[in-house]
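# Fold and geometry: a report
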Amino acid sequence: MVGYLFAAVVLLAAGTMGWYYIYDRWIQRDHAIRRNFPIYGRFRYIMENLGEYFRQYWFTADWEERPFNRLTRAWVYRSAKGVSNYIAFGSEVDAQQPGHIYFLHSAFPVNDEEAEDYTGKWIGRGIVKHPFKPKSFFNISGMSYGALSSAAVTALSEGAAMAGIWMDTGEGGLSPYHLKGQCDICFQIGTAKYGVRDQDGNLDEAKLRRIADYEQVRMFCIKLSQGAKPGRGGILPATKVTEEIAGIRGIPAGKPSNSPSRHHDITDIPTLVALINRVRRVTEKPVGIKMAVGSYEFIDEFFGYLQQRPDEAPDFIQIDGAEGGTGAAPAPLADYVGQSIVQSLPYVAQRLRDYNLRNRIRLVASGKLLTPDKVAWAICMGADFVVSARGFMFSLGCIQAMKCNTGHCPTGVTSNDPRFMRGLDPARKSVRVANYARAVQHDVEAIAHACGCKSVRDLKGQHVRVNGGDLMM
Ligand SMILES: Cc1cc2nc3c(=O)[nH]c(=O)nc-3n(C[C@H](O)[C@H](O)[C@H](O)COP(=O)(O)O)c2cc1C
């Protein structure tokens, strides 16, 4: 009798586990971790929930993890899921801490019915045949197909289209996945000129023109450097260079895809400006540059040069902070080279004004600017647009496993391995991408309204303060 009872219990347990396995792996599509790691992937969610009660005894504090603390990630996850981001009991942010950011609300905040919609800002108007007016001040920063999986790029593209935001291709060329959602696209030209290069790695104008022929491709960005690895080109390990990725980039498969540290045809300011204008002539669309700031002397020389010939200036400049992310980078460059967005953005914005270029060149900012407070801070500092890479990775379900360069990303965001990628359902995740973008827009607007501004466009430096000097990132 006891034997039968025992067998029944074992059978029931096995059946239940079997059902959970089938449900996690094949039926539910919301959780990549559970699709890829059925049953035991659930422990992550159990721990997350229990953490609320036991964190104070066992776990690290909510604001301690790096690069992104739990508070920041939770904000993105909740926004992406469309769950309320209201907090109860009180803020966990230490308002006394040096570097704490706060906005100066008005005695007469703006009521909902008085608020004005964001109307966009033109890029390249009066300069190119096809100027671009983005509908959103918050958009997706460059991440290549290769660094990201095809499922992730598809979800970003479809989510971007839903939210009306632009998506940057990153330096790895234009893939069919970027085009799936019909979103606005910024095509990035990295130092290896992937996707628009000839056999010797030089710019191929015919290929460039073909990219520009896509109506969705609204603008071009020449990448000089990125904050996570200034002075070093893109790095894609051999394991991630599949036949398809190699074909899109115009390189051999199965070999590491390392781009040079500098564009071969850019050696100084005149050659930089010449390439900007060559790309603009061929594409007839706005052309900008992306860079992390090193010495301020370069900024002054560059802007001094452009002041004499404003029509030849880039239509936008993306300033990427040293705190920016990457698919793969040498640690010393990521940790110790380049200026933080905290220093570089206010400086560049001021110098654009000093050289009368403020109305000519749009300013785009990136570098851990993925929650409404940081986005609003950047706009107050002079950014016309803010872009994020890792914020959108979190919206796709990234758990900060820090395995982007291995091909073993457990959520399938940065792995093209079908075992991991199957967990990421583009149809579901695209909705989260759009939800996240809208939540940032909504809450930046809420900050603006609290400051007495009817529109985000009216946010200025006078609306923000930082405890004891610099903002902490
Ligand atoms: C996985 C990954 C891939 C990236 N690929 C590129 C790239 O191809 N080109 C580029 O200019 N920046 C690339 N970046 C940098 C981002 O575009 C962005 O500038 C930086 O991460 C700062 O934004 P964030 O702090 O919101 O992530 C990449 C970042 C990540 C995380």
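About the thresholds
- Residues numbered from 1 in each chain as written.
- Predicted model: local features only at pLDDT ≥ 70, side-chain atom pairs only at ≥ 80, totals over all residues.
- Heavy atoms only, no water.
- UniProt positions renumbered as here; feature names shortened; annotations may be inferred.
- Helix = DSSP H or I, 4+ residues; strand = E, 2+ residues; numbered from the N terminus.
- Rg over C-alpha atoms; globule rule 2.2 N^0.38 Å.
- Buried < 20%, exposed > 50% of the residue type's maximum accessible area, 1.4 Å probe, protein only.
- Contact = heavy atoms within 4.5 Å.
- Phe/Tyr/Trp six-rings, centres within 6.5 Å; stacked < 30°, edge-to-face > 60°.
- Lys NZ or Arg CZ within 6 Å of the ring centre and 35° of its normal.
- Near = heavy atom within 4 Å.
- Polar contact = N/O pair within 3.5 Å; in protein donor to acceptor, adjacent residues only side chain to side chain.
- Nonpolar A, V, L, I, M, F, W, Y, C, P; charged D, E, K, R; others polar.
- Lys, Arg positive; Asp, Glu negative; His and termini not counted.
- Salt bridge = Lys/Arg side-chain N within 4 Å of Asp/Glu carboxyl O.
- Core = buried A, V, L, I, M, F, W, Y, C linked by side-chain atoms within 4.5 Å.
- Arc of directions from axis to C-beta.
- Axes fitted to C-alpha atoms, helices over the stretch in contact; angles between N-to-C directions.
- Parallel < 35°, antiparallel > 145°, perpendicular 65-115°, else oblique.
- Left-handed = near helix turned anticlockwise from the far one by under 90°.
- Domains from an automatic or database assignment.
- Buried area = accessible area lost by both parts, 1.4 Å probe.

- The name recorded for the protein in an unreviewed UniProt entry is FMN-binding glutamate synthase family protein, from Ferrovibrio xuzhouensis.
- One UniProt comment on the protein, placed under Sequence similarities (unreviewed entry), says "Belongs to the glutamate synthase family."

## Some details on the overall build of the protein
- Within the protein, the regular secondary structure consists of 16 helices and 12 strands.
- Over its C-alpha atoms the protein spans a radius of gyration of 23 Å, differing by no more than 12% from the 23 Å that the globule rule assigns to 473 residues.
- Taken along the three principal axes of its C-alpha coordinates, the protein extends 95 × 60 × 40 Å.
- For the protein, with 473 residues in total, the buried portion stands at 53%.
- Relative to all contacts within the protein whose residues are 6 or more apart in sequence, the contacts with residues 24 or more apart total 69%.

## Quick look at the environment of Gly-159
- Tracing the backbone through its elements, the reader meets Gly-159 in helix H5 (residues 150-163).
- The spatial distance from the C-alpha of Gly-159 to the C-alpha of Tyr-436 is 9.4 Å, given a sequence separation of 277 residues.
- Once you skip the residues sitting within four places of it in the chain, Gly-159 turns out to touch Ser-430, Val-433 and Ala-434.

## Remarks on the packing of aromatic side chains
- The full count for this structure, using the stated rule, is 19 aromatic pairs.
- Ring plane angle 65 degrees and centroid distance 5.9 Å describe the contact between Tyr-21 and Trp-26, whose orientation is recorded as edge-to-face.
- By relative accessible area, which is 34% here, Tyr-21 ends up partly exposed.
- Members of the aromatic cluster, joined through ring pairs, are Trp-75, Phe-138, Phe-392 and Tyr-436.
- Positioned over the ring face of Tyr-305 is Arg-309, at 3.7 Å from the centre of the ring.
- Stacked on the ring of Phe-68, the Lys or Arg Lys-368 has its end atom at 5.2 Å from the ring centre.

## Some remarks on the UniProt feature "domain: Glutamate synthase" (unreviewed entry) in the protein
- The UniProt feature table records "domain: Glutamate synthase" (unreviewed entry) at residues 126-453.
- The span residues 126-453 carries 38% helix and 13% strand; its end-to-end C-alpha distance comes to 29 Å.

## A closer look at the site of the ligand
- With respect to spatial proximity, 23 residues lie near the ligand, and among them Ser-141, Gly-142, Gly-325, Lys-368 and Arg-390 are the closest.
- Between the ligand and the protein, one listed contact pairs a nitrogen atom with a side-chain N or O atom of Gln-226 at 3.3 Å.
- Arg-390 is positioned with one of its side-chain polar atoms (N or O) 2.7 Å from an oxygen atom of the ligand.
- Residue composition of the shell around the ligand, by class: 4 nonpolar, 13 polar and 6 charged.

## Details of the side chain of Lys-429
- Within the secondary structure layout, Lys-429 lies in helix H16 (residues 426-450).
- For the buried residue Lys-429, which engages in no salt bridge, the nearest side chain bearing the opposite charge is Asp-30, 6.7 Å off.
- With residues near it in sequence (within four places) discarded, Lys-429 still touches Asp-30, Ala-32, Ala-155, Leu-396, Gly-397 and Leu-424.

## Structural notes on the nonpolar core
- Counting 120 residues, the largest nonpolar core has Phe-220, Phe-303, Trp-377 and Leu-459 as its most contacted members.
- If you tally residues by element for this core, the top one is H16, at 9 residues.

## Here we look at helix H7 (residues 205-212)
- Within H7, burial applies to Glu-205, Leu-208, Ile-211 and Ala-212. The buried residues of H7 all sit within an arc of 115 degrees when viewed along its axis, so they share a single face.
- For H7, the secondary structure elements touched by its buried residues are strand S4 (184-189), strand S5 (217-223) and helix H9 (269-283).
- A side-chain oxygen of the first residue of H7 lies 3.0 Å from the backbone nitrogen of Ala-206; this N-cap is Asp-204.

## Comments concerning the packing of H7 against H9
- Where H7 meets H9, the axes come as close as 9 Å, and the angle between the chain directions of the two elements is 60 degrees. Taken together, the axis directions place H7 and H9 in an arrangement best described as oblique. As H7 runs across H9, the sense of the crossing is right-handed. Of H9, the residues touching H7 (which contributes Glu-205, Leu-208, Arg-209 and Ala-212) are Arg-278, Val-279, Arg-281, Val-282 and Thr-283.
- Residues belonging to the contact of H7 with H9 are distributed by class as follows: 4 nonpolar, 1 polar and 4 charged.

## With respect to the domain arrangement of the protein
- Split into domains, the protein comes out as domain 1 (1-60) and domain 2 (138-466).
- Between domain 1 and domain 2, the C-alpha centre-to-centre distance is 39 Å.
- Domain 1 puts 10 residues into the contact, and the matching count from domain 2 is 13 residues.
- Summed over both partners, the interface of domain 1 with domain 2 comes to about 1100 Å²; 44% of that surface belongs to carbon and sulfur atoms.
- Of all residues in domain 1, Arg-29, Asp-30 and Asn-36 give up the largest surface area on contact with domain 2, accounting jointly for 46% of the area buried on that side.
- Viewed at the interface, domain 2 and domain 1 are joined by 2 salt bridges.
- When the shortest N-O distance is used, the salt bridge between Arg-29 and Asp-425 registers 3.5 Å.
- Taken together, domain 1 and domain 2 are joined by 8 residue pairs in polar contact (both at pLDDT 80 or more).
- Going through the elements one at a time, helix H1 (2-27) and helix H2 (32-36) are the ones with two or more residues in the side of domain 1 that touches domain 2.
- Take the side of domain 1 that touches domain 2: its biggest share by element is 4 residues, from H2.
- Looking at the side of domain 1 that touches domain 2 residue by residue, the classes come out as 4 nonpolar, 1 polar and 5 charged.

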